[in-house]
Amino acid sequence: DSGVTQTPKHLITATGQRVTLRCSPRSGDLSVYWYQQSLDQGLQFLIQYYNGEERAKGNILERFSAQQFPDLHSELNLSSLELGDSALYFCASSPGRQNQETQYFGPGTRLLVL
Amino acid sequence: GNSVTQMEGPVTLSEEAFLTINCTYTATGYPSLFWYVQYPGEGLQLLLKATKADDKGSNKGFEATYRKETTSFHLEKGSVQVSDSAVYFCQYSGTYKYIFGTGTRLKVLA
């Protein structure tokens, strides 16, 4: 158990809808990362937050957004969902004290868009 | 741009066989390199890491050496076990850049 929690475990929704995925980092970690894992694209970095502020952006679509709250939990919002957004979404956290830290991954949220 | 190339799987080995999973990268600057392992139905977990050239990371019998001259970080284990069956990911971590390889599925047969 990494100490990172993600909810929900599974999500089934329809095209055009909006969903919110939630992540609680390990106790004491200030950085949160979001990744998308799909069969065709592999594991893609989406976005990183550090202590409430956006720190780095990867291949995140404009339809997707994220935020990190004062209690350090993070939410990833996916809107206008398409079939191709079906994937496993992972959150990871790290202390945030330096660059290139080990990341601790949650169990993921499996999203199915029908 | 930066990238990570990992050998395609699946790799199927008999128990106690020698394992090598190749990983090469293209990079600017001085990245850290990681190997993560993913067991079925779980998130990724750190297997080992190296933060500078010539560093060797090791854990649970697995080893990888950060080779700047060949831009490689190949994963090796002298004697695999059935319990090592999983998907292995090589990761490049630069300044605000986090790039994973495609993953290599390893299946170890008893």
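Just above, that's the structure.
Below you will find a few notes about this structure.

Calculation rules
Residues numbered from 1 in each chain as written. Chains lettered and ligands numbered in written order. Predicted model: local features only at pLDDT ≥ 70, side-chain atom pairs only at ≥ 80, totals over all residues. Heavy atoms only, no water. Salt bridge = Lys/Arg side-chain N within 4 Å of Asp/Glu carboxyl O. Helix = DSSP H or I, 4+ residues; strand = E, 2+ residues; numbered from the N terminus. Contact = heavy atoms within 4.5 Å. Buried area = accessible area lost by both parts, 1.4 Å probe. Polar contact = N/O pair within 3.5 Å; in protein donor to acceptor, adjacent residues only side chain to side chain. Buried < 20%, exposed > 50% of the residue type's maximum accessible area, 1.4 Å probe, protein only. Pairing = 2+ DSSP bridges.

### A short note on the pattern of salt bridges
Residues and elements named next belong to chain A.
(1) Moving on: Taken as a whole and judged by the stated rule, the model has six salt bridges over all chains.
(2) Moving on: Among the salt bridges present, the one from Asp85 reaches Arg63, with a minimum N-O distance of 2.8 Å. On the criterion of sequence distance, the pair formed by Asp85 in the loop between β8 (74-78) and β9 (87-94) and Arg63 in the loop between β6 (53-57) and β7 (64-68) is long-range, its members being 22 residues apart.
(3) Moving on: Beyond isolated ion pairs, a larger network of salt bridges with shared partners links Arg63, Glu82 and Asp85.

### Considerations on the interface of chain A and chain B
(1) Moving on: In this assembly, 17 residues from chain A lie in contact with 19 residues from chain B.
(2) Moving on: Across the chain A to chain B interface the summed buried area is about 1,600 Å²; carbon plus sulfur atoms make up 51%.
(3) Moving on: Looking at the side of chain A facing chain B, the largest losses of area belong to Leu43(A), Gln100(A) and Thr102(A), adding up to 39% of the total buried there.
(4) Moving on: The tally of links from chain A across to chain B stands at zero salt bridges.
(5) Moving on: Between the two partners, chain A and chain B, sit six residue pairs in polar contact (both at pLDDT 80 or more).
(6) Moving on: Elements with a minimum of two residues in the side of chain A that touches chain B: β4 (31-38), β5 (42-50) and β6 of chain A.

### Focus: the pairing of strand β1 (residues 3-6) of chain B
Residue and element names in this part refer to chain B.
(1) Moving on: Residues Val4 and Gln6 line the buried face of β1, whereas the alternating positions Ser3 and Thr5 sit on a face that is not buried.
(2) Moving on: Pairing geometry for β1 and strand β4 (residues 23-26), over four bridges, is antiparallel. Counterpart to Val4 in the pairing with β4 is Tyr25.

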